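# Structural description and commentary
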Amino acid sequence: MTSGAATQTLQNEVTQLLQELIRLDTVNPPGNETRAAEALQRYLEANGVSCQLYAKVPERANLVARLPGRSGGPTLALLSHTDTVLADPAEWQVDPWSGEVRDGEIWGRGALDMKGQVAATAVAVASLAREGFEPEGDVIFVAAADEEVGDGFGLAWLCEEHPDAVRAEYSLNEGAGDRVEIGGRPFYLCSTAEKMSSPFLLRVRGRSGHASMPGIADNALVKAAAYIEKLGAFVPEPRLEPEVAAMFEAVVGAPPEDAQQVLDVARAVDPLAAELVEPLVGLTLSPTMASASQKRNVIPALCEVTVDCRLLPGQTQAEAEGVVRELLGAGDYELEWIEGQGGTRSPMEGPLWDAIGAWVTETEPEATVAPICVTGFTDSHWLRDAFGTSAYGFFPMRYMDPQLATRLVHSADERARVEDLGLGAAFLRYAVRAMNEA
Ligand SMILES: [Zn+2]
């Protein structure tokens, strides 16, 4: 079989499995990921791969499949999640759970986020097992539940309750892999770090009173408006992080002097580059929800504003609180952190990082891999946090326009290009082999 024909076969196998997974509704909440875990188990076991389901409650199983290592080499975890966000069929051109193939694209909820990668990973592992491939260290495939909501049924729970099932020195997950052109040159983005999701509540105090006599009260809603405006207009003092410096160096060919130079160059090169870089040089503040009086004729004594806040990896809430208080100035308000999740990073070096770079060069010689810090949160955080795993977000997307893909994730008409899924499976096979060469 020629290698072109082999890729074609791989691609067909991923397509079929992805169609099956899309047709299993795993919208979270409620999840029902056991459906997907069992379908994957059937497929993998038929190909000689041993599987184990781990479930906190029966309907929300996580699947862990394993190719056992021969010689105790480092473990490589191929991470993914089987739940999806909801879909409103009225917004879609096709049934979101149809898995319909049209013009080389598979349509359906989860095609991009991330049942496509789930299927490609399953096929990569199954095809290696069929060929009799025996890795040096364990290769595990984790298809976790509950990534989209994070209620404690998925990878966080596995790390806590079944650490031996998921402990790994290296991992590959969602997060990046898109091919972007910057200044006319192709780059494949690899995520090596994540910002910390750190929302807070701003509680603004006033004094209630009858709305017919505004002068007797102190309107908390009106006071909050001034603060909301300041939060919305916030621009951080730019700070240079290692991922941004390395990305700059990959694109420009020399290290940057400071964060301001990165911003200036990005704006001059391409508006897309500037949009990518801006959230990566500082914390971001987005006021998203507000509540005040429950009655039209009562002036509120309290207004609560929820602010979505994202910190740079390593930045603390105490530091961020100082920035916010300086921005708002003194006043009748309290600031309360709701949570802090993520904000971890992995080194931009080592065997898995090298394998990704080598694959990019082999696949498209004029392209380079470039590291990024992602603004969102992925399950990679749990492995980094629990085991110090070198975790990267990389699933290559060469054929679909990355801006289109960004618009389709969590939105209507989500779909993936069949060629990208075949490419993804080929990449994962390559990475597993590269990490397990004697
Ligand atoms: Zn996802």
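For the structure itself, consult the block above.
Residues numbered from 1 in each chain as written. Predicted model: local features only at pLDDT ≥ 70, side-chain atom pairs only at ≥ 80, totals over all residues. Heavy atoms only, no water.

### A few points about the overall build of the chain
When you go through the chain residue by residue, the secondary structure sums to 14 helices and 20 strands. The globule rule puts the C-alpha radius of gyration for 438 residues at 22 Å, and the 24 Å found for the chain is close to it. Each principal axis of the C-alpha atoms in the chain carries an extent, and together these give about 85 × 50 × 45 Å. Across the 438 residues in the chain, those meeting the buried criterion constitute 52%. (Helix = DSSP H or I, 4+ residues; strand = E, 2+ residues; numbered from the N terminus. Rg over C-alpha atoms; globule rule 2.2 N^0.38 Å. Buried < 20%, exposed > 50% of the residue type's maximum accessible area, 1.4 Å probe, protein only.)

### Overview of unusual backbone geometry
A cis amide bond links Asn28 with the next residue in sequence, Pro29, at an omega value of -5 degrees. Mapped onto the secondary structure, Pro29 falls in the loop between helix H1 (3–23) and helix H2 (34–46). Cis geometry is found at the peptide bond from Asp113 to Met114, where omega equals -15 degrees. Relative to the elements of secondary structure, Met114 occurs in the loop between strand E5 (105–107) and helix H3 (115–130). A positive phi angle, near 60 degrees, is found at Asp413, a position not held by glycine. For Asp413, the location among the structural elements is in the loop between helix H13 (402–408) and strand E20 (415–417).

### A closer look at the nonpolar core
Nonpolar side chains in soluble globular proteins tend to end up buried together. One finds Leu40, Leu44, Leu63, Phe141, Leu172, Ile356 and Phe394 to be the most contacted residues of the largest nonpolar core, which totals 59 residues. Beyond its immediate stretch of four places on either side in the chain, Phe394 contacts Leu172, Asn173, Ala176, Gly177, Tyr188, Leu189, Cys190, Ile356, Trp359, Val360 and Phe427. Ala224, Tyr227, Leu285 and Cys303 belong to the second largest nonpolar core, which has 22 residues in total. (Core = buried A, V, L, I, M, F, W, Y, C linked by side-chain atoms within 4.5 Å. Contact = heavy atoms within 4.5 Å.)

### Considering the coordination of the zinc ion
At the metal site, the zinc ion is ligated by His81 (NE2), Asp113 (OD), Glu174 (OE) and Glu174 (OE), and these contacts range over 1.9 to 2.7 Å. Each of the 4 donor atoms bound to the zinc ion contributes to angles spanning 50 to 148 degrees, and the resulting shape is irregular. All donor residues of the zinc ion come from one chain, and their arrangement in sequence is H-x31-D-x60-E. Taken together, the residues His81 in strand E3 (residues 73–81) and Glu174 in the loop between strand E7 (170–173) and strand E8 (179–182) connect sequence positions 93 residues apart. By the burial criterion, His81 is buried, and Glu174 matches it. (Donors = N, O, S within 2.8 Å, 3.2 Å for Na, K, Ca; no water. Tetrahedral: all angles 85-135°; square planar, octahedral: opposite > 155°, others 65-115°.)

### Considering the pairing of strand E16 (residues 333–337)
Because side chains alternate across E16, one face comprises the buried residues Tyr333, Leu335 and Trp337, and the other comprises Glu334 and Glu336, none of which is buried. In this structure, strand E11 (residues 200–205) lies alongside E16, joined through 5 bridges in antiparallel fashion. Bridge pairing in E16 places Phe200 opposite Trp337. (Pairing = 2+ DSSP bridges.)

### Regarding the state of the cysteines
A complete count under the given rule lists 0 disulfides for this structure. Distance from the sulfur of Cys190, which forms no disulfide, to the nearest cysteine sulfur (Cys373) is 12 Å. (Disulfide = S-S within 2.5 Å.)

### Considerations on the side chain of Asp379
Looking at the element boundaries, Asp379 is found in the loop between strand E18 (368–374) and helix H12 (380–387). For the buried residue Asp379, which engages in no salt bridge, the nearest side chain bearing the opposite charge is Arg60, 11 Å off. Ignoring sequence-local partners within four residues, the contact set of Asp379 consists of Leu79, His81, Ala144, Glu147, Leu155 and Asn173. (Lys, Arg positive; Asp, Glu negative; His and termini not counted. Salt bridge = Lys/Arg side-chain N within 4 Å of Asp/Glu carboxyl O.)

### As for the pattern of salt bridges
Tallied over the entire structure, the rule returns 29 salt bridges. Between Asp164 and Arg167 there is a salt bridge, and its shortest N-O distance comes to 2.7 Å. Among the residues examined, Asp164 registers a relative accessible area of 60% and is labelled exposed. In this structure, the salt-bridge partner of Lys223 is Asp332, at a minimum N-O distance of 2.8 Å. Of the two residues, Lys223 is situated in helix H6 (residues 220–232) and Asp332 in the loop between helix H10 (317–328) and E16; the sequence distance between them amounts to 109 residues.

### What about the environment of Tyr227?
Turning to its location among the elements, Tyr227 is positioned in helix H6. C-alpha of Tyr227 to C-alpha of Val305: the two residues are 78 residues apart in sequence and 9.5 Å apart in space. Beyond its immediate stretch of four places on either side in the chain, Tyr227 contacts Leu202, Val204, Leu328, Ala330, Gly331, Asp332 and Tyr333.

### Let's talk about the packing of helix H7 (residues 242–252) against helix H8 (residues 259–269)
Packed helices, taken two at a time, are described by their axes: the angle between them and the distance between them. Interaxial distance between H7 and H8 falls to 11 Å at its minimum, and their mutual angle equals 45 degrees. In terms of axis orientation, H7 runs oblique to H8. When the axes of H7 and H8 are compared, the crossing they make is left-handed. Contacts between H7 and H8 pair Val244, Phe248 and Val252 from the former with Gln261, Val262 and Val265 from the latter. Taken together, the residues that form the contact of H7 with H8 break down as 5 nonpolar, 1 polar and no charged. (Axes fitted to C-alpha atoms, helices over the stretch in contact; angles between N-to-C directions. Parallel < 35°, antiparallel > 145°, perpendicular 65-115°, else oblique. Left-handed = near helix turned anticlockwise from the far one by under 90°. Nonpolar A, V, L, I, M, F, W, Y, C, P; charged D, E, K, R; others polar.)

### Comments concerning the pairing of E7
Residues Tyr170 and Leu172 point to one face of E7 and Ser171 and Asn173 to the other, with burial holding for every one of them. Alignment of E3 against E7, held across 3 bridges, turns out to be parallel. Its bridge partner being in E7, Leu78 is matched across the sheet by Leu172. Bridging between E7 and strand E19 (residues 390–393) involves 4 bridges; their strand directions are parallel. Considered in E19, the bridge of Asn173 is made with Gly393.

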